[in-house]
Amino acid sequence: MTDTFYITTPIYYVNDVPHIGHAYTTVAADFVARYHRLRGEKVFFLTGTDEHGQKVARAAEERGVPPQAWTDQIVPRWREVWEALDIANDDFIRTTEDRHVKPVQKLVQQLYDQGDVYLGTYEGLYCVSCEQFYLEDELIDGMCPVHGRPVDRVEEENYFFRLSAYRDRLLAHYEAHPEFVQPEERRNEVVSFVGGRLQDLSISRTSFTWGVPIPWDSRHVMYVWVDALQNYITAAGFGSDEERFATLWPADYHFVGKDIIRFHAVIWPAMLMAADLPLPGTVFAHGWLLVGGEKMSKTKLTGIHPSELLKDFGVDGYRYHFLREVPFGQDGSFSWESMAARYNADLANDFGNLASRVLAMLASYFEGLVPEPPAGVGPEQDLIKLSAEVAARFDERVLAVDLSGALASVWEFVGAVNRYLVDVAPWNLAKEADRLDDLRRCLYASAEALRILAILISPVMPRAARLLWDDLGVAGHLSEQRVPTALEWGGLQPGTRTRRGEALFPRMET
Ligand code: MSP
C-alpha cells in the first residue's frame, strides 16, 4: 500500500440519471474518505461515469442522440447530484476521456501480446441492463436474476481473456488475504464461484460499435466491463502519469454493490495479475436499497432521485439516514416514513435539541461565554470517560467499514450527554446562588461535549458540524482538526464566545 488512502465508488452507467441506490455507495465512500482526511491521512477519493457499452448506446439511440453527445449531456446531471450531496471526491473519471481510453488499449494490447487474450466464439445469454452473460441455470424463470427481464441469445466471434488460467492464483490470494473480499458472506460466494467452473471471459463485441476499439482488430470493441474496471488505475495515472500512479496505486478500498462483486473480486484481480500490477486491498460489497422487497432500479421504474429527499431532509439528514439505517453490507428497505421517524428522533430531538439547549443556557447564564470549570471533579467524569471510549470505538468501527456501528457509538454519547443534563439539571442550579460552581462545571462539560460531537459528525454531516462549530465559536477551522488529538477532553477554551444559532435540524411534520 502507498501512503495515500485510496477509495473508489463504482463508475455509474449514464443510461439515465442517478437514483438513491447509486447515491448510497457514493455517500458511504465519501463518509469514509472524509474520516481518513480527519485522521490526517492523504486521501484520493475517486468516482466517475461508465459511458460505453450497449446499455448506454441504447439509451442514446432511444433519445435519438449520438452516444457521445448523450453522455456529454447526462454526465452533468450526475455531477450536480454529487455536489448537492456534498460529495468531496478528488477526481471524476469519464471512460470516454483520452486519459482512460489510451491506457486501456495499451493494457489490453499487452495482454494480447503476451498470450492472455485469444480469439474464439461465444454463445450465451446476455442481459443488457447488467451488461453481463448468464448461464441457463442462473436465470430465474428464463429471466435475468437481477432485472427480471428477458435476456438475449448472443453468438459471436469474440476475443477472450484467459480468466481460467488465474484460478489458482486467485484462490491463493483469497486464502492469504481474508480481508480482500468483504463482508464474509460475499467472500464465501466469491471463493466458491472461483473454486467452481471458472470460464474464460469474452472481452470484445462486434455487434455494436460504442466502445473502446480493440487496437489490433478494428471490427471489435471492448466489452464494457473490461474497459470500466480499468478506471481505477487510469484515473490514478496508469499509462499517463506513472509517477503519480506509483504514489496512489493500489487502492485501499473498492466500494461496490453486491451485484457487481464478481467483476471486482474475480475479473479485476485476474486482469491486474496478468498486467503484473498490485491488487487492491479490499473489495467491500454493500447490500441493496429495496423498494417493495426488490432492488430499487430505474429499469423497474422504482428509482427515487436524491433531490426528492433532499428537499425534505436536507443534505445532512439524507447522508445520516442511509448510513445509519442499514448496516453496511446488508440490504435495507427504504421508506419515507422510517426516514422521517429517524430524522425526528435522532437528529431533531436527540442531537439538535441538545445543541440548542446548551447554547441557550450558555447565552442566558453566562452571556454566551464558555465558563471556566472549577477545580475538582464532578458527575461529568463519566462523560469524559465515555467520550474517549466513543472516539476510539468510532475510529475502530469506521476502519472496519461498520458505518452504522460508528454512528451508533456517536449516538450513545449523545444519549449520555442528554441524560447527564437531566441528572444535573443546570436549569435548577441556575436558580441557586451557591451552586454557581456546579453550574459552571456542567455547562463547560456540555459545551465541550458538543465540540467533540461536532468533530465526530463532520464526516457524515459536514454542514451541521460546521454550523455547530461556528456556534460554539471554537478557534481554528473545523477542517483543520485532526483526530485523535482534537477529540481529547478540554480543547474548548473558557471565555470562548458562543452564539445561539438556528436549529440544526428543524423538526419535521409527518
Ligand atoms: N457501471 C457499472 C459499474 C462499473 S465499476 C467499474 C455499474 N453501474 S450501475 O450504475 O448499474 O451501478 C453502480 C452501483 O450502484 C453498483 O454498485 C450497484 O450495486 C449500485 N446500485 C444500483 N442500484 C442499487 C440499489 N437499489 N441499492 C444499492 N445500490 C445499488 O454496475
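Just above, that's the structure.
First, a word on scope: everything that follows refers to the structure included in this document. Chains are numbered independently. Their residues run from 1 in the order of the written sequence. Owing to the predicted nature of the model, reporting of local features is limited to residues with pLDDT of at least 70; listing and counting of side-chain atom pairs is limited to 80 or more, with chain, interface and lining totals taken over all residues. Side-chain measures were taken over the full set of non-hydrogen atoms in the model, leaving aside hydrogen atoms and water.

## Section: the overall build of the protein
Heads up, the condition is: Runs of H or I in DSSP of at least four residues are treated as helices and runs of E of at least two as strands, each being numbered from the N terminus. Within these notes, the globule rule equals 2.2 Å times the number of residues to the 0.38 power, and the radius of gyration is based on C-alpha atoms. Here the term buried applies to any residue with accessible area under 20% of the maximum for its type, exposed to any over 50%, and partly exposed to those in between, with areas from a 1.4 Å probe on protein chains only. Where accessible areas are quoted, they stem from the Shrake-Rupley method and a 1.4 Å probe; at the residue level, only the protein chains shown are allowed to cover. In this tally Asp and Glu are treated as negative and Lys and Arg as positive; neither His nor the chain ends contributes. Charge coordinates come from a single atom per side chain, which is NZ of Lys, CZ of Arg, CG of Asp or CD of Glu.
Counting its secondary structure elements, the protein contains 17 helices and 15 strands. Whereas a compact globule of 510 residues would reach a radius of gyration of roughly 24 Å, the protein reaches 26 Å, a difference of no more than 12%. A principal-axis box enclosing the C-alpha atoms of the protein has dimensions of 90 × 45 × 40 Å. Of all 510 residues assigned to the protein, the portion counted as buried reaches 58%. About 20,600 Å² of surface is accessible on the protein, with carbon and sulfur atoms providing 49% of the total. Of note, the protein has its 50 positive side-chain charges centred 3 Å away from the centre of its 73 negative side-chain charges.

## Things to note about the site of the ligand
Spelled out, the test is: Throughout, the term near means that a residue has one or more heavy atoms lying within 4 Å of the molecule or strand in question. By the criterion applied in these results, polar contacts are pairs of N or O atoms within 3.5 Å in which, for protein atoms, one can donate a hydrogen and the other can accept it, and in which residues neighboring in sequence qualify only through two side-chain atoms. Side-chain classes follow a simple rule in which Ala, Val, Leu, Ile, Met, Phe, Trp, Tyr, Cys and Pro form the nonpolar group, Asp, Glu, Lys and Arg form the charged group, and the remainder, Gly included, forms the polar group.
Close contacts around the ligand come from 24 residues, with Ile-11, Asp-50, Gly-257, Asp-259 and Leu-289 the closest. One nitrogen or oxygen atom from the main chain of Gly-21 is found 3.2 Å from a nitrogen atom belonging to the ligand. Look at the ligand: alone it shows 650 Å² of surface, and the protein chains cover 96% of it. Secondary structure elements with two or more residues in the shell around the ligand: strand S1 (4–13), helix H1 (20–38), helix H7 (224–229), helix H8 (231–234) and strand S11 (253–257). Element by element, the count of residues in the shell around the ligand is highest for S1, at four residues. In terms of residue class, the shell around the ligand is made up of 13 nonpolar, eight polar and three charged.

## So, the side chain of Thr-2
With respect to the secondary-structure elements, Thr-2 resides in the segment before S1. A polar atom in the side chain of Thr-2 sits 3.2 Å from the backbone nitrogen of Thr-4. From its side chain, Thr-2 meets the backbone oxygen of Thr-247 in a polar contact 3.1 Å long.

## Things to note about the packing of helix H14 (residues 403–424) against helix H16 (residues 436–457)
To keep it simple, the criterion reads: To get an axis, fit a line to the C-alpha atoms, keeping to the stretch in contact for a helix; angles then go from 0 to 180 degrees between the N-to-C directions. In this scheme, roughly parallel covers angles under 35 degrees and roughly antiparallel covers those over 145, while 65 to 115 is roughly perpendicular and the rest are oblique. Note: crossing handedness is left-handed where the near helix turns anticlockwise from the far helix by less than a right angle, and right-handed where it turns clockwise. Any two residues having at least one pair of non-hydrogen atoms within 4.5 Å are treated as being in contact.
Look at H14 against H16: their axes get within 11 Å of each other, and the N-to-C directions meet at 165°. In terms of orientation, H14 lies roughly antiparallel with respect to H16. Regarding H14 and H16, the two cross each other, and that crossing is left-handed. Mapping the contact onto sequence places Val-410, Trp-411, Phe-413, Val-414, Val-417, Tyr-420, Leu-421 and Val-424 in H14 and Arg-441, Cys-442, Ala-445, Ser-446, Ala-449, Ile-452, Leu-453, Leu-456 and Ile-457 in H16. Considered class by class, the residues forming the contact of H14 with H16 number 15 nonpolar, one polar and one charged.

## Structural notes on the sheet that holds strand S15 (residues 332–333)
The condition that has to hold: The criterion for strand pairing is that DSSP finds at least two bridges linking the strands in question.
One open sheet holds the three strands; their spatial order is S14-S13-S15, and the pairing between them is mixed. In this open sheet, the two edge strands, each paired with only one partner strand, are strand S14 (294–295) and S15.

## Looking at the sheet that holds strand S5 (residues 132–134)
Adjacent strands of a sheet form backbone hydrogen bonds with each other and so pair up, either parallel or antiparallel. Pairing within the open sheet is antiparallel, and its four strands lie in the order S5-S4-S6-S8. The two strands at the open ends of the sheet, each matched to only one other strand, are S5 and strand S8 (201–202). Alignment of strand S4 (residues 117–127) against S5, held across three bridges, turns out to be antiparallel. Residue pairing across strands places Leu-125 opposite Tyr-134, the latter belonging to S5.

## Let's talk about the pattern of salt bridges
We count it as follows: What makes a salt bridge here is a side-chain nitrogen of Lys or Arg within 4 Å of a carboxyl oxygen of Asp or Glu, nothing more.
Enumeration over the complete set of coordinates arrives at 38 salt bridges. In this structure, Asp-91 and Arg-244 form a salt bridge, with 3.9 Å as the shortest nitrogen-oxygen distance. Taken together, the residues Asp-91 in strand S3 (residues 91–94) and Arg-244 in helix H9 (residues 242–248) connect sequence positions 153 residues apart. When the shortest N-O distance is used, the salt bridge between Lys-295 and Asp-259 registers 3.4 Å. One end of the pair, Lys-295, is in strand S14; the other, Asp-259, is in the loop between S11 and helix H10 (261–274), with 36 residues separating them in the sequence.

## Side note on the environment of Arg-205
Note on placement: Arg-205 falls in strand S9 (residues 204–205). Overall, Arg-205 belongs to the buried group, its relative accessible area being 3%. The contact partners of Arg-205, leaving out residues within four places of it in the chain, are Tyr-126, Phe-133, Glu-156, Asn-158, Arg-219, His-220, Val-221 and Tyr-223. Only 2.8 Å separates the side chain of Arg-205 from the side chain of Ser-202, close enough to count as a polar contact.

## What about the packing of aromatic side chains?
Put simply, the rule is: Each pair of aromatic rings taken from Phe, Tyr and Trp, with Trp reduced to its six-membered ring, is defined by centres within 6.5 Å and is described as stacked if the planes are under 30 degrees apart, edge-to-face if over 60, and tilted in the remaining cases.
In total, this model carries 35 aromatic pairs according to the counting rule given. Taking the centre distance of 5.3 Å and the plane angle of 20° together, the rings of Tyr-12 and Trp-78 count as stacked. Taken together, the positions of Tyr-12 in strand S1 and Trp-78 in helix H3 (residues 67–84) put the pair 66 residues apart, joining distant regions of the chain. When sorted by exposure, Tyr-12 lands in the same class as Trp-78, which is buried.

## Quick word on helix H2 (residues 54–62)
Among the residues of H2, those classed as buried are Gln-54, Lys-55, Val-56, Ala-57, Ala-59 and Ala-60. Contact partners of the buried residues in H2: S1, strand S2 (42–50), H3 and S4. Phi turns positive one or two residues past the end of H2, at Gly-64, with a value near 65°.

## Some words on the pairing of S11
Of all five residues in S11, five are buried, a share of seventy percent or more. The alternating pattern of S11 places Tyr-253, Phe-255 and Gly-257 on one face and His-254 and Val-256 on the opposite face, and all of these are buried. Pairing between S1 and S11: two bridges, direction parallel. Bridging across to S11, Ile-7 finds its partner in Tyr-253. As paired strands, S11 and strand S12 (residues 282–286) are joined by five bridges and run parallel to one another. Residue His-254 lies in a different strand from S12, and its bridge partner there is Val-283.

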